[in-house]
Every structure is written in structure tokens, then in C-alpha cells.
Amino acid sequence: DAEITQSPRHKITETGRQVTLACHQTWNHNNMFWYRQDLGHGLRLIHYSYGVHDTNKGEVSDGYSVSRSNTEDLPLTLESAASSQTSVYFCASSENPQGPYEQYFGPGTRLTVT
Amino acid sequence: GQQVMQIPQYQHVQEGEDFTTYCNSSTTLSNIQWYKQRPGGHPVFLIQLVKSGEVKKQKRLTFQFGEAKKNSSLHITATQTTDVGTYFCAGLTDSWGKLQFGAGTQVVVTP
């Protein structure tokens, strides 16, 4: 069955370190998204991609970067981790722009920056 | 930019009671979606509404899209403990699939 996976599921890192969170989907979806979830803020979009070599900034992109070299993967990199980036991170994917637009979410990565 | 707001933020419900959660957008939406996230889990798609005034039902859940396509509601009848979780609405912000999520309504059910 098609799925979307994230790794690691839990990560503790120190302030200033570079961290990369992996997202891999086997749905063959063109669209991929990264969100962070914090209490009281719901899901906030960090970066998104509508296809290979396409990347776009979301509403909270500062301090994060992504690259899309193939359809299946959209890794999220924290260039220099900060305590404010302690959060739960979700990756999601959806089909082509013709729709439907429902997003399939991965299980999430809980990141703690100490 | 587009803002999507949900009320209430928290909802405590006695098992068997009904409740409604509301979603309001600052702009007209072409499409609104609802997701449910169980405690410790990830958001799962429930339904998508596209037409003005559209009403869809899933068992005890009734979803409605406002006539002006700027608001939506989720009504749950005879709440059960399986309804526990956070319900998010999300509005489509472009024609490619980008969503703006509301902050969610966290539902707690008391047996």
C-alpha cells in the first residue's frame, strides 16, 4: 500500500546544530508540504513543493530549507537549530493541481532543541 | 493574506450530547476541508466541501459550507468517546493544493 513516512520519529538536538528531517511518500504525488504544529497555532506551513525542483516558502519558513530532487522525497533542513523550533513536524502530500486536494499526512517527527 | 479561524478552541462534551464547531474565513473559499487528529496521531482527512450551501453527512457528523463560502461548520450528534481529538478546517488558498489551516477545536468527551 502507498504511504508517507517520516524519520526520525523523535529527535533531540542542541542549539546551533544542523538537523534534517526526512519525508518519503510512495503515492507518486506531485505536491508535498511541511508543517509544524504547536499548541494554540494549529498547523503552520513551512515549505511546500509542487514538483521536482520546485520549492516555495510558507508562512513560517525562516530558519528552514527544503530541496526536491525526486518525486518521493522532500527533506526539511534546520540550518542552525533554535529552541523556538522545538515542535512536532508533519509532512504531507497531495495529488496534482487538478485535484482532489486532500492531503495525506505522515506520522510526524517530534523535535526537541536544547 | 487569508485567515481561517475556528471556534471554540476547546470543547468539553458529555457523552451522548451534540456539539458544533465553527470555521470562518476572512476571504471567500473555493474549497474547504476538514481533518481529524486523534491524540498523539496525525491529521486525517474527513471531507471536502466545494459548493455554496453544501451539506454532507458522515454517520453522526454533518458538515456544512456557508452560502457565501466564507464559513463552515461541523456538527456531531450523540457524541461518543471515539470522537475525542482535534478537528481542523482548512481552506484552499491556491489552485494547486495549498491549504490554510485553522487552529483547531480540541474535543474532550466525558463518559
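Check the entry above for the structure.
These numbers were taken from a predicted model, which means no experiment stands behind them.

Asks: An account of the state of the cysteines is requested, with residue identities and associated values reported.
Replies: What the rule picks out here adds up to two disulfides over all chains. The disulfide partner of Cys 23 of chain A is Cys 91 of chain A, and the S-S distance across this bridge is 1.8 Å. What sets the handedness of the Cys 23 of chain A and Cys 91 of chain A disulfide is the S-S torsion sign, and at about -70 degrees it is left-handed. Of the two residues, Cys 23 of chain A is situated in strand β3 (residues 19-25) and Cys 91 of chain A in strand β9 (residues 87-94); the sequence distance between them amounts to 68 residues. Residues Cys 23 of chain A and Cys 91 of chain A agree in their burial class; the two are buried. The disulfide bridge from Cys 23 of chain B ends at Cys 89 of chain B, spanning 2.0 Å between sulfur atoms.

Asks: Could you give me a rundown of the pattern of salt bridges, with the residues and numbers involved?
Replies: Inspection of every chain in the model, using the stated rule, returns five salt bridges over all chains. Where Glu 14 of chain A meets Arg 17 of chain A, a salt bridge forms, and the shortest distance between an N and an O atom there is 3.4 Å. Judged by relative accessible area, which is 46%, Glu 14 of chain A ranks as partly exposed. Ionic pairing is found between Glu 54 of chain B and Lys 56 of chain B, a salt bridge with its closest N-O pair at 3.7 Å. Accessibility expressed as a relative area gives 16% for Glu 54 of chain B, which makes it buried. Among the charged side chains, a network of salt bridges with common partners joins Arg 36, Asp 38 and Arg 44 of chain A.

Asks: Please give an account of the interface of chain B and chain A that cites residues and values.
Replies: Taken together, the contact pairs 22 residues of chain B with 20 residues of chain A. Counting each side, the surface lost to burial between chain B and chain A is near 1,800 Å², with a carbon and sulfur contribution of 59%. By the criterion of area lost to chain A, the three top residues of chain B are Trp 96, Lys 98 and Phe 101 of chain B, representing 31% of everything that side buries. For the pair chain B and chain A, the number of links is zero salt bridges. If you list the elements that add at least two residues to the side of chain B that touches chain A, you get β4 (32-37), β5 (44-49), β9 (85-92) and β10 (99-101) of chain B. In terms of residue class, the side of chain B that touches chain A is made up of nine nonpolar, eleven polar and two charged.

Asks: Describe in detail the sheet that holds strand β7 (residues 64-66) of chain A, supporting the description with residues and values.
Replies: Residues and elements named next belong to chain A. Taken in spatial order, the four strands make up an open sheet running β1-β3-β8-β7, and their pairing is antiparallel. Edge positions in the open sheet fall to β1 (4-7) and β7, since each of these has one partner strand only. The mean inter-strand angle of the sheet, taken between neighbouring strand axes irrespective of direction, is 20 degrees. Note that β1 and β3 share four bridges and pair antiparallel. By the bridge assignment for β3, Ser 7 is matched with Ala 22.

Asks: Account for the pairing of strand β11 (residues 109-113) of chain A, with residues named and values stated.
Replies: A regular strand carries its side chains on alternate faces of the sheet. Residue and element names in this part refer to chain A. The alternating pattern of β11 places Thr 109, Leu 111 and Val 113 on a buried face, while none of Arg 110 and Thr 112, on the opposite face, is buried. Looking at chain direction, β9 and β11 are connected through three bridges and run antiparallel. Residue pairing across strands places Tyr 89 opposite Thr 109, the latter belonging to β11.

Calculation notes
- Residues numbered from 1 in each chain as written.
- Chains lettered and ligands numbered in written order.
- Predicted model: local features only at pLDDT ≥ 70, side-chain atom pairs only at ≥ 80, totals over all residues.
- Heavy atoms only, no water.
- Disulfide = S-S within 2.5 Å.
- Helix = DSSP H or I, 4+ residues; strand = E, 2+ residues; numbered from the N terminus.
- Buried < 20%, exposed > 50% of the residue type's maximum accessible area, 1.4 Å probe, protein only.
- Salt bridge = Lys/Arg side-chain N within 4 Å of Asp/Glu carboxyl O.
- Contact = heavy atoms within 4.5 Å.
- Buried area = accessible area lost by both parts, 1.4 Å probe.
- Nonpolar A, V, L, I, M, F, W, Y, C, P; charged D, E, K, R; others polar.
- Pairing = 2+ DSSP bridges.
- Axes fitted to C-alpha atoms, helices over the stretch in contact; angles between N-to-C directions.

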